[in-house]
Amino acid sequence: MTKEHWNLFKSILKGEEDKLHVGLIVDSPWMPGYCGISNIDFYARPDQWFNSYVKIKKDFPDIIFLPDWWAEYGMATEPSGFGVKFTFYDDNLPGVHPMIEDADDADDIISTLKSPDPRKDGLMPLLLNLQKYMVPKLAEIGEQINIVSTRGPLTIASHLFSVTELLMCAKIDPDVVHKLLKMTTRLCKDWLEAQLETVGTAEGVLMLDDVTGFFGTEDYEEFAHPYLKEVFAAFPECIHLFHNDTPNDTSFTYMEDLGANLFNFTHERNIADVYKKTGGNITLLGNVPPMALANNTPDEVYTLAKDCIKDYTATAGSAKGLLLSVGGGVPMGAKAENINALLKAAD
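These numbers were taken from a predicted model, which means no experiment stands behind them.

Caption draft 1: Examining the environment of L196 more closely. Considering the arrangement of structural elements, one finds L196 in helix α9 (residues 174-199). Residue classification places L196 among the buried positions, given a relative accessible area of 15%. Separated by 70 residues in the primary sequence, L196 and L126 have C-alpha atoms spaced 15 Å apart. In contact with L196, not counting residues within four places along its chain, are V148, A202, V205, F235 and C238.

Laid out in structure tokens, this is it:
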């Protein structure tokens, strides 16, 4: 981000900004198609990656992009450190192939694993090198990396398993799942630490973990919350951003204890209810339906955004604590005119 955008973002989190702004989580589902390049070029050509971010910032100068300048290979990044196989495509995210296909085999396979070193293992060293290479180039144009990111412990685990087998194993052999989650949690912390050291300018950490939304209260408290909290607690000096856009609201009441400063959540829950359940002390990033940016007309997106703002302000008393967005990341196929409709609604 520019210094101005970063300071604006921090003022929004502190509740000091009166004007309503738009913030969007953007990465490889949307950016390659919008910028007219293949996913392979976005991942493998630093010049194309750099030019893509320059383009979206030129097209939408008033939007706060999150995490911004994101070095990523879709969902393949962290699981690759464990040796998970993946497949790249020209027009889509990498496909990740689970190494544990049957919960009965989980203990034997997990016993052979160790938490990866992000400086040496999988795709992560390539992304660290990209960040290192880009830091001076960004400085030349008045930009810097302010936020670094990781998939959460459960999401990483779900790419070693399938989600179904992970959830099944949590019920029939919970000790095995805890063994794996200790490793994936360590990876989250090590991966964030390596990025923070590499870029030298980041003050925020973003954790994305949709699999937390597959648990009820008892299982969330056992398998999710302690590990998520451990990741954020490892970086007490940083701003904490959390993403979980599944329709399950079990985790919402835990956001403050988790240490989240900003929460991006599902469009399938009314934002007024989310405000109440999160305690009113966390900045909400939401929650227009993401696919509306691809499938709806600008007028329809504008109406959806205005309804979201109305519901939030009726409950919170003002727009403070809201960063208008979609309930998730910007989807593949999102159109410029629909993104501009969000800006119009915020104005």
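Caption draft 2: Expanded view of the layout of surface pockets. In this model, the largest pocket occupies a volume close to 490 Å³. If you trace the largest pocket, you find 25 residues lining it, with M75, R151, D210, H243 and D245 closest to the centre. Among the elements that make up the lining of the largest pocket, the one with the highest residue count is helix α7 (residues 153-160) (three residues). Classifying every residue of the lining of the largest pocket gives twelve nonpolar, eight polar and five charged.

Caption draft 3: Inspection of the packing of α7 against α9 at higher detail. Relative to each other, α7 and α9 sit at 120°, their axes nearing to 8 Å. Overall, the two elements α7 and α9 adopt an arrangement that is oblique. Between α7 and α9 lies a crossing of right-handed hand. For the pair α7 and α9, contact is made by P153, L154, I156, A157 and L160 and by L180, L181, T184, T185, L187 and C188, respectively. Its residues assigned to classes, the contact of α7 with α9 comprises nine nonpolar, two polar and no charged.

Caption draft 4: Quick look at the environment of T201. The topology assignment puts T201 in the loop between α9 and β6 (204-208). Each residue touching T201, except ones within four places of it in the same chain, is listed here: Q144, I145 and N146. For T201, the side chain forms a polar contact with the main-chain oxygen of I145, separated by 2.6 Å.

Caption draft 5: Structural detail: the sheet that holds strand β9 (residues 283-288). Taken in spatial order, the six strands of this open sheet run β5-β6-β7-β8-β9-β10, and their pairing is parallel. At either end of the open sheet lies a strand with only one pairing partner, and these are β5 (147-151) and β10 (322-326). For this sheet, the mean inter-axis angle between neighbouring strands, taken without regard to orientation, is 20°. Along the sheet face, α7 touches β5 and β6 and points at about 45° away from the line of β5. Each of β5 and β6 touches α9; the most contacted strand, β5, lies at about 160° to it.

Caption draft 6: Examining the side chain of Q195 more closely. For Q195, the location among the structural elements is in helix α9. For Q195, a relative accessible area of 2% corresponds to the buried category. Only 2.9 Å separates the side chain of Q195 from the backbone oxygen of S149, close enough to count as a polar contact. Apart from residues lying up to four places away in sequence, Q195 is in contact with L128, Q131, V148 and S149.

Caption draft 7: Structural context of the nonpolar core. Counting 123 residues, the largest nonpolar core has F9, L24, W30, L66, F242, F263 and L324 as the members making the most contacts within it. Of the residues forming this core, the biggest block, twelve residues, is contributed by α9. Sequence-distant contacts of L66, defined by excluding residues within four places in its chain, comprise M1, F9, L24, I25, V26, I147, L241, L285 and L323.

Caption draft 8: Geometry of the packing of aromatic side chains. Tallying each qualifying case throughout the model produces 21 aromatic pairs. Aromatic pair F215 and F223: ring centres 5.9 Å apart, planes at 20°, arrangement stacked. F223 gets classed as buried once you look at its relative accessible area, which sits at 1%. Three or more aromatic residues link up through ring pairs in this structure, and these residues are F42, Y43, Y73, F86 and F88. The ring of F50 is capped by K137, whose NZ or CZ atom sits 5.1 Å from the centre of that ring.

Caption draft 9: Inspection of the environment of H225 at higher detail. As for its placement among the helices and strands, H225 is situated in helix α10 (residues 217-233). Note: C-alpha distance between H225 and I239 (14 residues apart in sequence) is 18 Å. Aside from chain neighbours lying at most four places away, what touches H225 is Y220, Y254, D257 and L258.

Caption draft 10: Looking closely at the pairing of strand β7 (residues 239-244). For β7, the tally of buried residues reaches six of six residues, placing the bulk of the element in the interior. Following the backbone out of β6, through α10 and into the adjacent parallel β7, one traces a crossover that is right-handed. Pairing analysis gives four bridges linking β7 to strand β8 (residues 262-265), with the strands arranged parallel. Bridging across to β8, F242 finds its partner in F263.

Definitions and cut-offs
- Residues numbered from 1 in each chain as written.
- Predicted model: local features only at pLDDT ≥ 70, side-chain atom pairs only at ≥ 80, totals over all residues.
- Heavy atoms only, no water.
- Helix = DSSP H or I, 4+ residues; strand = E, 2+ residues; numbered from the N terminus.
- Buried < 20%, exposed > 50% of the residue type's maximum accessible area, 1.4 Å probe, protein only.
- Contact = heavy atoms within 4.5 Å.
- 1 Å grid on protein atoms, 1.4 Å probe; cavity = no way out; pocket = protein on both sides within 12 Å on 5 of 7 lines; lining within 4 Å.
- Points joined across faces, edges and corners; volume = space filled by probe spheres on them.
- Nonpolar A, V, L, I, M, F, W, Y, C, P; charged D, E, K, R; others polar.
- Axes fitted to C-alpha atoms, helices over the stretch in contact; angles between N-to-C directions.
- Parallel < 35°, antiparallel > 145°, perpendicular 65-115°, else oblique.
- Left-handed = near helix turned anticlockwise from the far one by under 90°.
- Polar contact = N/O pair within 3.5 Å; in protein donor to acceptor, adjacent residues only side chain to side chain.
- Pairing = 2+ DSSP bridges.
- Core = buried A, V, L, I, M, F, W, Y, C linked by side-chain atoms within 4.5 Å.
- Phe/Tyr/Trp six-rings, centres within 6.5 Å; stacked < 30°, edge-to-face > 60°.
- Lys NZ or Arg CZ within 6 Å of the ring centre and 35° of its normal.
- Right-handed = clockwise from strand over helix to strand, strands pointing away.

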